[in-house]
Amino acid sequence: MPMSSSPEPVLDANLAVALNALLAEQSVTRAAARLHTSPAAMSRTLARLRRILQDPLLVRAGQTMVPTPRAQALRDEAASVVRRLGALLTPGAGVDPAVLRGTFTLQAADLVGAALAPGLLRLAGQEAPGVSLRFRAEEWEAGPALRDGRIDLEIGSIDHVDPETRVEELVTLRMAAAVRPGHPLTEGPLTPDRLAAAEHVVVSRRGRFTGPLDSALAERNLHRRVAVVLPGHLAAMTLAARSDVVCLVPTAPPGAAASPLTDAATALGLRLLDIPLPLPPLAIGMAWHPRHAADGGHRWLRGAVRRTLRASGGPTG
């Protein structure tokens, strides 16, 4: 016959705290004062402890109470248990980045990864030399990578998160038309008609040919020709630097500080032209699962990303 298992005893941590106070004070009144309760309540707790431990614990000797041999044997252990309980139920202390060890996995588009990597590596080297960084490309279709724990942080245009995901906006950018030096569009003012007449490269990891620019052109009965669709901005900007196609790239709004996200076009020698059409702004943010919200190492990572993307003087909230 299978052996019957007895139910596990219900543990009451308050009894351990009370036992420690009673054994340390050897007085119901003083133990009650120590735990901010009444002598009557502490007397009832002592009675309960006596029943559980089957020992009187404290007995009267004249005007005082003295511990039994069992109580004396339990005194140090009770104090140790209460100390461990205190440590267990104390909020975690801040983590010193210098002692962090391990790898953080970040998911980002190629342009975001290229903008982040140098600054993050520099901060890690200065503050958290035991940390390694692994960048993953954006998933083709929105997936539960944060929920599944396959990535620690997603950075970019956050538009497909699980309901519990935490999201923080980092910078807001606008789109500009990037062309090679000497491109025909650099001669004279850029108009919607001239922009539509040029050949374009579209960036879409899903392979889409259209975007917000097409909607804005359609309102003026204009249509652009998309010559090629590429999955990443870096490839598209490289193509624009070597041909006559136009590539839309994120850049800082007028009057705003530059962002590392806008440096790649400049590095390729591209000219950035203001688009004479109302296009929606591009919000770049980071997203993480709440399991990491209070983790000290992850908080350092989020702060490092925040500092890197706002390195040129953006808001620091």
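Structural data are supplied above this passage.
Residues numbered from 1 in each chain as written. Predicted model: local features only at pLDDT ≥ 70, side-chain atom pairs only at ≥ 80, totals over all residues. Heavy atoms only, no water.

K.L.:
I would appreciate a short explanation of the nonpolar core in the present structure.
P.N.:
Burial of nonpolar side chains together is a common tendency in soluble globular proteins. Counting residues in each nonpolar core, the largest one holds 27 residues, and the members touching the most others are L106, L153, I155, L261, W300, V305 and L309. If you list the elements that add at least two residues to this core, you get β3 (102–108), α5 (110–127), β5 (153–156), β6 (166–179), β11 (282–288) and α11 (296–309). Examining the composition of this core, we find that six residues originate from one element, α5, more than from any other. Every residue in contact with L261, bar those within four places of it in the chain, is listed here: L111, V112, A115, V171, L173, P250, I284 and L309. Of all hydrophobic cores here, the second largest spans 18 residues; its members include A32, M42, M65 and A78. (Core = buried A, V, L, I, M, F, W, Y, C linked by side-chain atoms within 4.5 Å. Buried < 20%, exposed > 50% of the residue type's maximum accessible area, 1.4 Å probe, protein only. Helix = DSSP H or I, 4+ residues; strand = E, 2+ residues; numbered from the N terminus. Contact = heavy atoms within 4.5 Å.)

K.L.:
Any chance you could explain the packing of helix α1 (residues 13–25) against helix α3 (residues 39–53) here in plain terms?
P.N.:
The relative placement of two packed helices is expressed as an angle between their axes plus a distance between the axes. Following both chains from N to C, one finds α1 and α3 inclined at 105°, their axes separated by 10 Å at the closest point. As summarised for this structure, α1 and α3 are arranged roughly perpendicular, according to the angle between their axes. Taking contact as the criterion, the partners of L15, A18, L19 and L22 in α1 are, on α3, M42, T45, L46, R48, L49, I52 and L53. Its residues assigned to classes, the contact of α1 with α3 shows nine nonpolar, one polar and one charged. (Axes fitted to C-alpha atoms, helices over the stretch in contact; angles between N-to-C directions. Parallel < 35°, antiparallel > 145°, perpendicular 65-115°, else oblique. Nonpolar A, V, L, I, M, F, W, Y, C, P; charged D, E, K, R; others polar.)

K.L.:
Just to check I follow, could you spell out the pattern of salt bridges for this structure?
P.N.:
Where side chains of opposite charge bring their charged atoms close, a pairing between them can arise. Across all of its chains, the model carries 12 salt bridges by this definition. As a salt-bridge pair, E138 and R205 come within 3.3 Å of each other at their nearest N and O atoms. In this pair, E138 is assigned in the loop between β4 (131–136) and α6 (145–148) and R205 in the loop between β7 (199–203) and α8 (212–218), connecting sequence segments 67 residues apart. Given a relative accessible area of 24%, R205 falls into the partly exposed group. One network of salt bridges, in which partners are shared, links E25, R30 and R34. (Salt bridge = Lys/Arg side-chain N within 4 Å of Asp/Glu carboxyl O.)

K.L.:
Which parts of the structure should I look at to understand the environment of F209?
P.N.:
Relative to the elements of secondary structure, F209 occurs in the loop between β7 and α8. Along the backbone, F209 and V81 are 128 residues apart, and their C-alpha atoms lie at a distance of 65 Å. Setting aside residues no more than four positions away along its own chain, F209 makes contact with V202, D214, R224, V226 and V229.

K.L.:
Explain unusual backbone geometry to me, please; I cannot follow it from the model alone.
P.N.:
Of all residues except glycine, most have a negative phi; of all peptide bonds, most are trans. If you check the backbone angles, H36 has positive phi at about 55° while not being a glycine. By the secondary structure assignment, H36 is in the loop between α2 (28–34) and α3. The backbone of N221 sits at a positive phi, close to 60°, despite the residue not being glycine. Here N221 lies in the loop between α8 and β8 (225–230).

K.L.:
How do you make sense of the pairing of β5 when you look at a structure like this?
P.N.:
Within a regular strand, the side chains alternate between the two sheet faces. What you see with β5 is no split at all: L153 and I155 on one side and E154 and G156 on the other are buried throughout. Here three bridges tie β3 to β5, and the two strands are oriented parallel to one another. Within β5, the residue paired with A108 across the bridge is I155. The sheet contact formed by β5 and β11 spans three bridges and is antiparallel. Opposite G156, over in β11, you have G285 as the bridge partner. (Pairing = 2+ DSSP bridges.)

K.L.:
Whenever I open this one, the packing of α1 against helix α4 (residues 69–88) confuses me. Can you help?
P.N.:
Contact pair α1 / α4: the axes reach a minimum separation of 8 Å and the direction vectors enclose 130°. As far as their axial angle goes, α4 and α1 are oblique. Where α1 crosses over α4, the handedness of that crossing is left-handed. Residues A13, A16, V17, L19, N20 and L23 of α1 form the contact with α4, whose own contacting residues are A71, L74, R75, A78, A79, V81, V82 and L85. (Left-handed = near helix turned anticlockwise from the far one by under 90°.)

K.L.:
Is there a simple way to think about α1 in this case?
P.N.:
The α-helix advances 3.6 residues per turn, and as a result positions three or four apart in sequence lie on the same side. Over its 13 residues, α1 extends 19 Å from the first C-alpha to the last, a length consistent with the 18 Å expected when each residue adds 1.5 Å. Those residues of α1 lying buried are L15, A18, L19, N20, A21, L22 and L23. Along its buried surface, α1 packs onto α2, α3, β1 (58–61) and α4. Looking one or two residues past α1, Q26 carries a phi angle of roughly 50°, positive in sign. (Expected span 1.5 Å × (residues − 1).)

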